[in-house]
Amino acid sequence: MTSPLNTTGPSDAEPSTTATSTTDTPAAAPTEPAAEQAAAPAAEATLTFADLGLDDAVLKALKDVGYETPSAIQAATIPPLLAGRDVVGLAQTGTGKTAAFALPILSRLDSSQKKPQALVLAPTRELALQVCEAFERYATHVRGVRVLPVYGGQAYGVQLSALRRGVHVVVGTPGRIMDHLEKGTLDLSELKYLVLDEADEMLRMGFAEDVETILADTPSDKQVALFSATMPAQIRRISQKYLNDPEEITVKNKTTTSSNTTQRYLVVSYPQKVDALTRILEVENFEGMIVFVRTKNETETLAEKLRARGYSAAAISGDVAQAQRERTVNQLKSGKLDILVATDVAARGLDVDRISHVVNYDLPIDTESYVHRIGRTGRAGRTGDAISFVTPRERRMLTSIEKATRQPLTQMRLPTAEDVNATRLSRFDDQITAALGQTERIDRFRDIIGHYVAHHDVPEADVAAALAVVSQGDEPLLLDPNRDRSESFVEQRERPDRGDRDSRGGDRPERRQRPSSGPMATYRIAVGRRQRVEPRQIVGALANEGGLSREDFGMIDIRPDFSLVELSADVSEDKLAKLADTRIGGKLIELRPDRGAPGKRPRTDGPPRSGGFRDRDDRGGDRPERKPRY
Ligand code: AMP
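Residues numbered from 1 in each chain as written. Predicted model: local features only at pLDDT ≥ 70, side-chain atom pairs only at ≥ 80, totals over all residues. Heavy atoms only, no water.

J.: Please explain the overall build of the chain as it appears in this structure.
T.: Looking only at helices and strands, one finds 23 helices and 22 strands in the chain. Within the chain, the fraction of its 630 residues that count as buried is 54%. A separation threshold of at least 6 residues defines the contact pool for the chain, and within that pool the share at least 24 residues apart is 78%. Accessible area of the chain: about 28,200 Å², with a carbon and sulfur share of 50%. (Helix = DSSP H or I, 4+ residues; strand = E, 2+ residues; numbered from the N terminus. Buried < 20%, exposed > 50% of the residue type's maximum accessible area, 1.4 Å probe, protein only. Contact = heavy atoms within 4.5 Å. Areas by Shrake-Rupley, 256 points an atom, 1.4 Å probe, with all protein chains shown as cover.)

Below, the structure written as structure tokens:
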């Protein structure tokens, strides 16, 4: 079997999938490009959890949870851990590292022994609780296993009584574990497994001394697993001092490029994903879509939710019989179905031209899966769109993805109620236009309406409006922007944690991937979301007509009826004049300086300043002329 991972001797380089931390990562980079070291992804395809040698009760729980295949870090870590080896795993959150250590521990626990057998040290209370939950989920069918979170801030009483009753796995923060050890309330004399989770984070938080004390004061024959996103010198030293000939495991990723797929991401917390997806479905101009989730169970749940919202959606996963899967894919091909909710395994090799969008509802556990997923769109020479939902904890995964695809991902904002309404109005207009094309039927109804108008003395527009009410039923046509819940979405509140990324949320314009750093001027063009314009069309049209280059573009903010485009203040009058007659989608763009600013170059005061757009536009001023009263 070819492993997707390299298992190597100690190395100072961090894995190619993790973000580089300038403070504690040695400057050394992997000596070979990751692409050359990577094994073929196909090797992962056939590997199952059962192949790894896990206990049957654990396998049963994994079936319930709905994981299809082991992640790369799991595939490489579980066998040596089951064989009793110490392990150093370079892995970050989101790669499935929790299961990588929890599953082998649970496979070998002796539930008759009442003293703690496993101790997991985690840097924060939040992570400790998360790890506990994961253990409990994976232990559903392992009889009698008790897992206890032990963290600072919680009353000692609860922890003491649980410890007295007996627990098998303790998951705690180093400080509180030390307190218990000093008080003699935690007996680690029978400890068999010790895990340091997010070790670099623990050191960063000042727990180095506590961690070393715990490592030194526990039985010397215990098995140790150390997981860390980076490998600073201090961790290497700890590993050399306290681990016994550890196997070091590093995920290596194949890099690739997919130039005809636009990649965007949205920061959103888990409970808000369904609403976020619904809004995206409303405003994105999609033909066919695959929505990727992580577990088999989630495919059906989400497809059901989408169907309840009126979309034609179906689920496929490894559990769905082959014949049924083929039927579903054929429906997608023929346009009977628009949305497929799928797991990685089920969508492997899927080749359907009309897939215009891939949504990573859950980020994949490794970048190879990401590359494979977005490869389902942009087929047959078409362009594609990939949108990834990223929870705040998963932000670091973005860096790995950018490295693997050699392309930056652009942050998108959650579509607002006004965006959704503009799209709905545009569709409504399209329906009227299409109906007007049915001339015979229109002729017949014209007589009926004419009769009504003559007898009731009401304007024809009122009759048309009344018919719209009839066709719309009780469901309002438009969302109420005053009750727009998008404001509470997590992306709007997120504090930027990556210096190089535009992580401001809210009603902010999308930033082009490489905005100009010089002074910018803001222009308005007469095409917006209602004309279904996209940033790349604007850039394409302006660049072609005006001979502009990528560096000349700053923010592009697509509004319901117009768009604001930042262009370098250095763009010559000549070039701007050439843009006067530019059309996008057949409509003259009428490029002009944005209102409210003096002269032709309204703003030439340095790098983009997006806030101004919001203040000016969202409250009066340039609001779309239609009010949402339908
Ligand atoms: P972790 O890196 O341990 O924080 O795990 C990240 C997420 O991946 C969690 O939501 C897990 O439930 C999920 N996960 C872990 N292993 C797998 C797997 N083999 N397949 C699908 N999802 C997984």
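J.: Sorry if this is basic, but what is going on with helix α16 (residues 395–405) here?
T.: Residues spaced three or four apart along an α-helix face the same direction, because each turn holds 3.6 residues. Burial analysis of α16 places nine of its eleven residues in the buried class, the great majority of the element. Arg 395, Met 397, Leu 398, Thr 399, Ser 400, Ile 401, Glu 402, Ala 404 and Thr 405 are the residues of α16 that are buried. One or two steps after α16, the chain reaches Arg 406, where phi turns positive at roughly 50°.

J.: Where do I start with the pairing of strand β7 (residues 223–228) in this structure?
T.: Within a regular beta strand, the side chains point alternately toward one face of the sheet and then the other, so they alternate between its two faces. In terms of burial, β7 is a largely internal element, six of the six residues being buried. Going residue by residue along β7, you find Gln 223, Ala 225 and Phe 227 tucked away on one face and Val 224, Leu 226 and Ser 228 tucked away on the opposite face as well. Note that strand β2 (residues 87–90) and β7 share four bridges and pair parallel. Residue pairing in the sheet places Val 88 in a bridge with Leu 226 of β7. Looking at chain direction, strand β6 (residues 193–196) and β7 are connected through four bridges and run parallel. Bridging from a neighbouring strand, Tyr 193 pairs with Gln 223 of β7. (Pairing = 2+ DSSP bridges.)

J.: Would you mind showing me how to read the sheet that holds strand β13 (residues 355–360) here?
T.: The pairing of strands in a sheet comes from backbone hydrogen bonds and takes either a parallel or an antiparallel form. The sheet built from seven strands is open, its strands ordered β11-β12-β10-β13-β14-β9-β15 with parallel pairing. Strands at the two margins of the open sheet, each flanked by one partner only, are β11 (313–316) and β15 (410–411). Pairing between strand β9 (residues 261–267) and β15: two bridges, direction parallel. Bridging from a neighbouring strand, Arg 264 pairs with Thr 410 of β15. The strands that α16 touches are β9 and β14 (384–390); relative to β9, the one it contacts most, it runs at about 175°. (Axes fitted to C-alpha atoms, helices over the stretch in contact; angles between N-to-C directions.)

J.: Teacher, can you tell me more about the environment of Asp 86 here?
T.: With respect to the element layout, Asp 86 can be found in the loop between α4 (72–82) and β2. Once the C-alpha coordinates of Asp 86 and Glu 247 are considered, the two residues, 161 residues apart in sequence, prove to be 6.3 Å apart. Side-chain polar atoms of Asp 86 contact the backbone nitrogen of Val 224, separated by 2.8 Å. (Polar contact = N/O pair within 3.5 Å; in protein donor to acceptor, adjacent residues only side chain to side chain.)

J.: In this structure, what is going on with the site of the ligand? I would like to understand it.
T.: Near the ligand lie 15 residues; those nearest to it are Tyr 67, Gln 74, Gly 96, Thr 98 and Arg 294. Taking Thr 98, its side chain carries an N or O atom lying 2.6 Å from an oxygen atom of the ligand. Coverage of the ligand by the protein chains reaches 83% of its 500 Å² of free accessible surface. Classifying every residue of the shell around the ligand gives four nonpolar, eight polar and three charged. (Near = heavy atom within 4 Å. Nonpolar A, V, L, I, M, F, W, Y, C, P; charged D, E, K, R; others polar.)

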